[in-house]
Amino acid sequence: MIRHIVFWKLKSEAEGASAKENGQKMVDAFHALAGKIPGLLSIESGLNFNKAELGNGDVEYDVALDTTFHTKAALDIYQNHPEHLAIVSFVKKVVTERHAVDFEF
């Protein structure tokens with residue numbers, strides 16, 4: 001099994017919308033992928049409701065994504081699927097930072 005987890009910081013405003021609005025668009029778009037991509041076993045995404053100031057003046061991440069796949073090949077299919085790539089196109093316009101981790105369990 002493969003887990004793919006991603007965190008994003010959002011621009012305060014982008015594409016004519018606030019960070020919260022863009023974050024919700026991301027969450028809704030990711031949830032809409034459920035059942036549409038072969039090998040995608042689970043997908044959960046949400047807005048961070050517990051943002052806090054970190055010691056260096058940064059804030060925690062705004063949006064999280066947690067997905068599960070049977071195999072790395074299934075993750076590769078997901079990452080190259082047209083519906084996922086459409087979301088990526090939007091995300092790149094509204095984020096300032098992205099961090100991801102992929103691991104086998």
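Numbers given to residues run from 1 along each chain, matching the order in which its sequence is written. Local features in a predicted model are, by the rule used here, given only for residues with pLDDT of at least 70; side-chain atom pairs are given and counted only at 80 or more, and totals for whole chains, interfaces and linings are based on all residues. Computation of side-chain values covers all heavy atoms of the structure but excludes hydrogens and water.

## Things to note about the packing of aromatic side chains
So, step 1. By convention, a stacked pair of Phe, Tyr or Trp rings (six-membered ring in the case of Trp) has centres within 6.5 Å and planes under 30 degrees apart, an edge-to-face pair has planes over 60 apart, and any other such pair is tilted. Considering all chains together, one arrives at four aromatic pairs under this definition.
So, step 2. Taking 5.5 Å as the distance between ring centres and 20 degrees as the angle between the ring planes, the aromatic pair formed by Trp8 and Phe30 counts as stacked. Taken together, the residues Trp8 in strand β1 (residues 2-10) and Phe30 in helix α1 (residues 19-31) connect sequence positions 22 residues apart. Neither Trp8 nor Phe30 differs from the other in exposure class; each is buried.
So, step 3. Aromatic pair Phe69 and Tyr78: ring centres 5.2 Å apart, planes at 55 degrees, arrangement tilted.
So, step 4. For a Lys NZ or an Arg CZ to count as sitting over a ring, it must be within 6 Å of the ring centre and within 35 degrees of the ring normal. When the ring centre of Tyr61 is taken as reference, the NZ or CZ atom of Lys9 above it lies at 5.2 Å. Elements are defined by DSSP. Helices are runs of H or I of four residues or more, strands are runs of E of two residues or more, and each kind is numbered from the N terminus. Burial classes: relative accessible area under 20% of the type maximum marks a residue as buried, over 50% as exposed, and values in between as partly exposed (1.4 Å probe, protein chains only).

## Quick look at the sheet that holds strand β4 (residues 40-47)
So, step 1. Between any two strands, at least two bridges found by DSSP are needed for them to pair. Pairing in this open sheet of four strands is antiparallel, and the strands run β4-β5-β1-β6 from one edge to the other. Every interior strand has two partners, whereas the edge strands, β4 and β6 (95-104), have only one. Between one strand and the next, the sheet's axes are offset by a mean angle of 10 degrees, whatever the strand orientation.
So, step 2. Along the sheet face, α1 touches β1, β4, β5 (63-69) and β6 and points at about 165 degrees away from the line of β4.
So, step 3. Two residues qualify as a contact provided that any one of their heavy atoms is within 4.5 Å of a heavy atom in the partner residue. The axes used here are C-alpha line fits, helices contributing only the stretch in contact, and every angle between their N-to-C directions lies in the interval 0 to 180 degrees. Contacting β1 and β6, helix α3 (residues 82-94) crosses the sheet at an angle of about 130 degrees to β6.

## Comments concerning the environment of Lys20
So, step 1. Mapped onto the secondary structure, Lys20 falls in helix α1.
So, step 2. We classify Lys20 as exposed; its relative accessible area is 65%.
So, step 3. Sequence spacing of Lys20 and Met1 is 19 residues, and the spatial spacing of their C-alpha atoms is 32 Å.

## Brief notes about the nonpolar core
So, step 1. Only buried residues count toward a nonpolar core. Its members are Ala, Val, Leu, Ile, Met, Phe, Trp, Tyr and Cys residues joined through side-chain atoms within 4.5 Å. In terms of nonpolar packing, the biggest core is built from 23 residues, with Trp8, Leu10, Met26, Phe30, Leu33 and Tyr78 touching the most fellow members.
So, step 2. Taken together, the elements giving at least two residues each to this core come down to β1, α1, β4, β5, α2 (72-80) and α3.
So, step 3. For Phe30, the contacting residues outside a window of four places in its chain are Trp8, Ile43, Ser45, Leu65, Tyr78, His84 and Ile87.

## Some words on the pattern of salt bridges
So, step 1. Basic side-chain nitrogens of Lys or Arg form a salt bridge, by our definition, when they fall within 4 Å of a carboxyl oxygen of Asp or Glu. Scanning the entire structure with this criterion turns up four salt bridges.
So, step 2. The salt bridge partner of Glu83 is Lys36, with a shortest N-O separation of 3.7 Å. Of this pair, Glu83 sits in helix α3 while Lys36 sits in the loop between α1 and β4, and the two are 47 residues apart along the sequence.
So, step 3. We classify Lys36 as partly exposed; its relative accessible area is 42%.
So, step 4. Among the salt bridges present, the one from Lys72 reaches Asp76, with a minimum N-O distance of 3.1 Å. Here Lys72 and its partner Asp76 are both found in helix α2, four residues apart, which amounts to about one turn of the helix.
So, step 5. Its relative accessible area of 52% is what places Lys72 among the exposed residues.
So, step 6. Judged by relative accessible area, which is 30%, Asp76 ranks as partly exposed.

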